[in-house]
Amino acid sequence: MIREINFDGIVGPSHNYAGLSLGNIASASHKGDPSYPRAAALQGIAKMRRNMELGLTQGFFLPLPRPNHALEARLGLDETAPPQLHAAPWSASSMWTANAATVSPAPDTADGRCHLTPANLVTMLHRAQEWQDTKAQLDIAFGNTEHFVVHDAVPPSFGDEGAANHMRLCESHDAAGVEVFVFGRPGGRFPARQHEQASRAVARLHRLDPSRCVFIEQNPEAIEAGAFHNDVVSVANERVLFAHERAFADRDYAYEQIRNIFPALEVVEVPESAVSLEEAIRTYLFNAQLLTLPDGGGMALVVPEECRESASVWAWCETMLNSNGPIRKVLPVDVRQSMANGGGPACLRLRVVADPAHVDARFLLDEAKAERIEAVVAEMWPEQIDPSDLGTPALAHTVNEAREALLSVLSLSELA
Ligand code: SUG
């Protein structure tokens, strides 16, 4: 049966804070801090477990091979180079699988297959190295060509950041949807990472019905305030669009365009007067997983713990819960290690609407597998990485061995 499967990125053993993402305030402000890869990965697994306990289907993607020796060579880096220069080839940024690809489920596409296009992520060097290795995983996980098509990334002239700038509205996950692409206009203080032409190319590649696609401009003020991806200021699930009042360049026009195709649209909007754009970005209220609970339980919003600690955000959540709207639960999770690099609960997952029976089962999680992954992480993931460790042969060895051990317990050594 077609349903939503969340594929979380397992946090890689080289997870560190290098301040690599201009315009991502958390990344910049934690630059040079020690990181805790073991705790980071365990936090991510705990989140997956919680979602499985809600009765939801959970999948995962593996960390990519790091350090990336080919990129080090192209940058002319050897052991004598300063640690900061090693940061890009060592980055564990593939954990944020909302940027792995854009996904159009089978009910939306002309050929009735689910289409995936890996994001080229060209705006940031440390992320631009991801897509070929990501595609290698997608090719295996979604190798059933009767049901899936995995494309190449769009050309690098047009920055594409994947599902983080894409939303889907539908009556239910297995029904035909309206796909909403949110792009940024370049020229501001920070890079606009999603190019309109990349979004349009993805829509064509996925053979979407043009009359059921909407292209919306992100509010330049939101990008200036640190919303480097649309999923930092809005998220959609089924008929609900949960958004900050200042998420889109022209909010009324954005809602109107969607409503013209999808009259059932229900907007849950947070006004600036209740939660400022800055506070929404600081707490990542919108970088939440908006999930449909099984058995008619309504929707749950999985938010970062930081939301509970913010007086204005938590007050808004409590008022919203009392209002009898579509969102029935707010569930805080601790993903602080990822949050400190600008990655909340929604960044850590890629949504694929498909029949789990058609997915390579090695990428699907159950309790026994979660325990096996945890055991490898507890034994092999570095407890702490200091900035000066980047580029050292000792850490390269540890990181390599850790990933290989994980591939081995998951019978995925072909990704080595
Ligand atoms: O691309 N941070 C990531 C965070 C990605 C969040 N994803 C979504 N919003 N969907 C990024 O900016 C920081 C890495 C560093 O500084 O070490 C980083 O890449």
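This text follows the structure it describes.
Every value quoted in this text rests on a predicted model; they were computed, and no experiment measured them.

Peer 1: Help me understand unusual backbone geometry in this model?
Peer 2: A negative phi holds for most residues other than glycine; trans holds for most peptide bonds. Note that the residue after Arg66, namely Pro67, is joined by a cis bond; omega there is -5°. Here Pro67 is to be found in the loop between strand S2 (57-61) and helix H3 (69-74). Phi angles above zero are rare outside glycine, and Asp295 is one such case at about 60°. Its location among the elements puts Asp295 in the loop between strand S12 (289-292) and strand S13 (299-304).

Peer 1: How should the sheet that holds strand S15 (residues 349-354) be read in this particular structure?
Peer 2: Each strand in a sheet pairs with its neighbour through backbone hydrogen bonds, running either in the same direction (parallel) or in the opposite one (antiparallel). Taken together, three strands build an open sheet; the order of strands is S2-S1-S15 and the sheet is mixed. Here the strands that pair on one side only, and so sit at the sheet edges, are S2 and S15. Adjacent strand axes in the sheet meet at a mean angle of 30° when their direction is disregarded. Pairing of strand S1 (residues 3-9) with S15 involves six bridges; the strand directions are antiparallel. Within S15, the residue paired with Ile5 across the bridge is Val352. Strands S1, S2 and S15 of the sheet are contacted by helix H2 (residues 37-53), whose axis makes an angle of about 160° with S2.

Peer 1: Teacher, can you tell me more about the nonpolar core here?
Peer 2: Nonpolar side chains in soluble globular proteins tend to be buried together. In terms of nonpolar packing, the biggest core is built from 73 residues, with Phe7, Leu62, Phe142, Leu241, Phe248 and Val352 touching the most fellow members. With five residues, H2 is the single largest residue contributor to this core. Not counting residues up to four positions away in its chain, the partners in contact with Phe142 are Phe7, Phe61, Leu116, Phe148, Val150, Val352 and Val359.

Peer 1: How should the sheet that holds strand S9 (residues 234-237) be read in this particular structure?
Peer 2: The sheet built from three strands is open, its strands ordered S9-S10-S11 with mixed pairing. The strands lining the two open edges of the sheet, one partner per strand, are S9 and strand S11 (266-270). The mean angle between the axes of side-by-side strands here comes to 15°, regardless of whether they run parallel or antiparallel. Packing against the sheet, helix H9 (residues 251-261) makes contact with strand S10 (240-244) and S11, and its axis sits at approximately 160° to S11.

Calculation notes
- Residues numbered from 1 in each chain as written.
- Predicted model: local features only at pLDDT ≥ 70, side-chain atom pairs only at ≥ 80, totals over all residues.
- Heavy atoms only, no water.
- Helix = DSSP H or I, 4+ residues; strand = E, 2+ residues; numbered from the N terminus.
- Pairing = 2+ DSSP bridges.
- Axes fitted to C-alpha atoms, helices over the stretch in contact; angles between N-to-C directions.
- Contact = heavy atoms within 4.5 Å.
- Core = buried A, V, L, I, M, F, W, Y, C linked by side-chain atoms within 4.5 Å.
- Buried < 20%, exposed > 50% of the residue type's maximum accessible area, 1.4 Å probe, protein only.

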